[in-house]
Structures are given as structure tokens and as C-alpha cells.
Amino acid sequence: MNIISYLLGKNSSGGGGGGDTPTIGYVVNSFNQNGYPIEITTYGYTTFPQYFFKYINSNVSKVYQYLTKVSLNEGLTNTGDNVFDSCSNLSSVIFPTTLEILGTSVFAGCTNLALTSLPNNIKRLYNYSFNNCTNLALTSLPSGLIQIGNSVFSNCINLALTTIPDGVTQLLNSVFVGCTKLKKMSMNNVTTINGSSTSNSAFQNCTGLKQVWIGSAITNNGFYRYSFNGCSNLEKMYINLPRATVEGFTNYQYAFMNDTSKTGIIVCNDDEGFISKAEFDALVIE
């Protein structure tokens, strides 16, 4: 069976081609010279079936290994899990205005995906949603975001974020591990920055990170001693709390990097040289 007939015959709700427009399904807009789909448009979904377009080494799923562009239908609210996992040629995604959730590992391993922004209505990024997306170049996150899961941006070496949205209160395990292009980061309402070991810290090995601004919501139990482990170029950490409060935190002596020599980089809100979040966000750090 060739690729075109396979797509047309997949099932009544799972595929389309040849110009058909399914009520629920997708059409292939273009194929490569070998008959594999490279551009698709979906219709009618609110959530995709798990692994729907995932590329794995099997005769079924490998038909999607050459996908370069997908247009997701209006009405889609949750992508579902692992949908485009390992589609390494995927470089462009058109999102609907209705989308609120990016599922677990939905774009994991999409190494060609070069998004610079996400729709502002997205509220939740589930675990590993962009894991190992090495070309992902986001400069901001949706203002209404309230959840960033474990390892969402791990090894996204071109990520260029500078601010965590105010609705996000937790930075979980390995969320930014290996994001070496990060230069500064502000977080106003974050209460917890995970890092219980050197293998799962939130900012593990973010070697380009130089300055951090942390709001007054941070708690004693929310500072983990390895949270910034491996951030070898971190030179200043502003914390919007009095010095007496910060020095009372259990892990203060480690400056949250397992390095007692770094305590001198901390600037509290009653120290000379402390700056507001607005002033910090305006800083240009080379």
C-alpha cells in the first residue's frame, strides 16, 4: 500500500487526503518526492489521540517522519500527549486561538522546531512538552501561563527567555537544565525552585545565566540547595526580601548552587544596589 492510499484508508476519523476535508481528521496538503506527507492540516479535534503523529521506527508511524509543517484546528484545547514526539523535521506549527494545554512530550525531540513565541491563551505546559527541542528559540512565555511541568525545556539550547509569567508559582525538576543561552531570568511569584540533587535542578548547567531576580513569594522550603547548580557564570541574584529573612533560609549558605563561595552575589531588598523587577527586566545583559 502506498503512502497516499494508507492515509486515505487509515480510519474514518484519523486521516484524509486528496483534497478531502474531514469533519474530524486531517488532510495532507503536500507530499515529498517519495510520497511522504510534509504538510498537514487538522480538523475537528479538541484533543488528539496519544502518539497520533509520533515518529517511531515502525511501518505505521514512520510515515510522519518528514513532517515539516502542521496547522492545528480551531477548537483544539489540549494537544494530548506525545503527538509529534520525535518528528525531527517539524519546523513550523500554526496554533489555534483555542489551545490551552500542551500535553506531555507533545513536541519532545522535535529538533528542527524553531518557535519564537506561543499563543497567549496557553495555560499549561505539561512534562517534557519541548524536551530536547534544540532549535526552540522562545523569547517569552504566554502571560496567562500557570503551569510549567518537569523538564519542559530541558536541553533547549537556543531558548532565550528572560521572565517567568506571574501565574507560575513553581519551577519543577530539570525545567531549564542545559539551557545555555539563558542570560537573565526574573520570577515574581515563584514560591519553589526545585533542585534536590545535581541531576534534577531547575537551572542545572545554565552556563550562560548571569543574573536572576526572585520575588518575595519565595519560601524557605522553596529554595533547594542545587536549584542553580552548574550555573558557573551566575554573578548576581536579587531577592525581594530583607537580608535577615533570606539568611534565615535553610539553604542560604549554599546560595542555591551548592557553592558557599557564591553567597556574596546575593542582593536583598534592604541592601544597597537592589533594583526593582521593572528595572531588572529593562537590563540588557550581553
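Here, every reference points to the structure presented above.
About the thresholds
Residues numbered from 1 in each chain as written. Predicted model: local features only at pLDDT ≥ 70, side-chain atom pairs only at ≥ 80, totals over all residues. Heavy atoms only, no water. Helix = DSSP H or I, 4+ residues; strand = E, 2+ residues; numbered from the N terminus. Buried < 20%, exposed > 50% of the residue type's maximum accessible area, 1.4 Å probe, protein only. Areas by Shrake-Rupley, 256 points an atom, 1.4 Å probe, with all protein chains shown as cover. Lys, Arg positive; Asp, Glu negative; His and termini not counted. Charge placed at Lys NZ, Arg CZ, Asp CG, Glu CD. Pairing = 2+ DSSP bridges. Axes fitted to C-alpha atoms, helices over the stretch in contact; angles between N-to-C directions. Salt bridge = Lys/Arg side-chain N within 4 Å of Asp/Glu carboxyl O. Phe/Tyr/Trp six-rings, centres within 6.5 Å; stacked < 30°, edge-to-face > 60°.

### Brief notes about the overall build of the protein chain
If you tally the helices and strands in the protein chain, you get three helices and 14 strands. By the burial criterion, 51% of the 286 residues in the protein chain qualify as buried. Taken as a whole, the protein chain presents about 11700 Å² of accessible surface, with 46% of it coming from carbon and sulfur. Computed over 15 positive and 16 negative side-chain charges, the inter-centroid distance for the protein chain is 6 Å.

### Quick notes on the sheet that holds strand β4 (residues 92-94)
One open sheet holds the four strands; their spatial order is β1-β2-β3-β4, and the pairing between them is mixed. Either end of the sheet is taken by a strand with one partner, and the two such strands are β1 (25-31) and β4. Looking at each pair of strands side by side, their axes are set apart by 15° on average, direction ignored. Note that strand β2 (residues 37-43) and strand β3 (residues 69-71) share three bridges and pair parallel. Paired with T41 across the strands is S71, a residue of β3.

### Some remarks on the pattern of salt bridges
Within this structure, the stated rule accounts for four salt bridges. Across the salt bridge formed by D281 and K277, the nearest N and O atoms sit 2.7 Å from each other. One end of the pair, D281, and the other, K277, are both in helix α3 (residues 277-281), four residues apart, so they sit about a helical turn from each other. On the basis of relative accessibility, which here comes to 30%, the residue D281 falls in the partly exposed class. A relative accessible area of 17% places K277 in the buried class. Overlapping salt bridges, with partners in common, bring together R243, E247 and D271 in one network.

### Structural notes on the pairing of strand β12 (residues 211-214)
Side chains Q211 and W213 project from β12 onto one buried face, and the interleaved V212 and I214 project onto a second face that is buried too. With four bridges joining them, strand β10 (residues 184-187) and β12 adopt parallel strand pairing. By the bridge assignment for β12, M185 is matched with V212. As paired elements, β12 and strand β13 (residues 236-239) share four bridges and run parallel to each other. Bridged to W213 within β13 is Y238.

### Topic: the environment of N112
Topologically, N112 is positioned in the loop between β5 (101-102) and β6 (124-125). Judged by its relative accessible area of 34%, N112 is partly exposed. In this structure the C-alpha to C-alpha distance between N112 and L90, which are 22 residues apart in sequence, comes to 5.7 Å.

### Topic: the packing of aromatic side chains
Enumeration according to the criterion identifies 23 aromatic pairs in this entry. Ring geometry for Y26 against F53: centres 5.2 Å apart, planes inclined by 75°, an arrangement best described as edge-to-face. On the criterion of sequence distance, the pair formed by Y26 in strand β1 and F53 in the loop between β2 and β3 is long-range, its members being 27 residues apart. The residues Y26 and F53 share a single accessibility class, namely buried.

### So, the sheet that holds β5
The pairing of strands in a sheet comes from backbone hydrogen bonds and takes either a parallel or an antiparallel form. Pairing in this open sheet of three strands is parallel, and the strands run β5-β6-β7 from one edge to the other. Whereas interior strands pair on both sides, the edge strands pair on one side only; in this sheet they are β5 and β7 (147-148). Both β6 and β7 contribute to a ladder of two bridges, which runs parallel. Across the sheet, R124 pairs through a bridge with Q147, a residue of β7.

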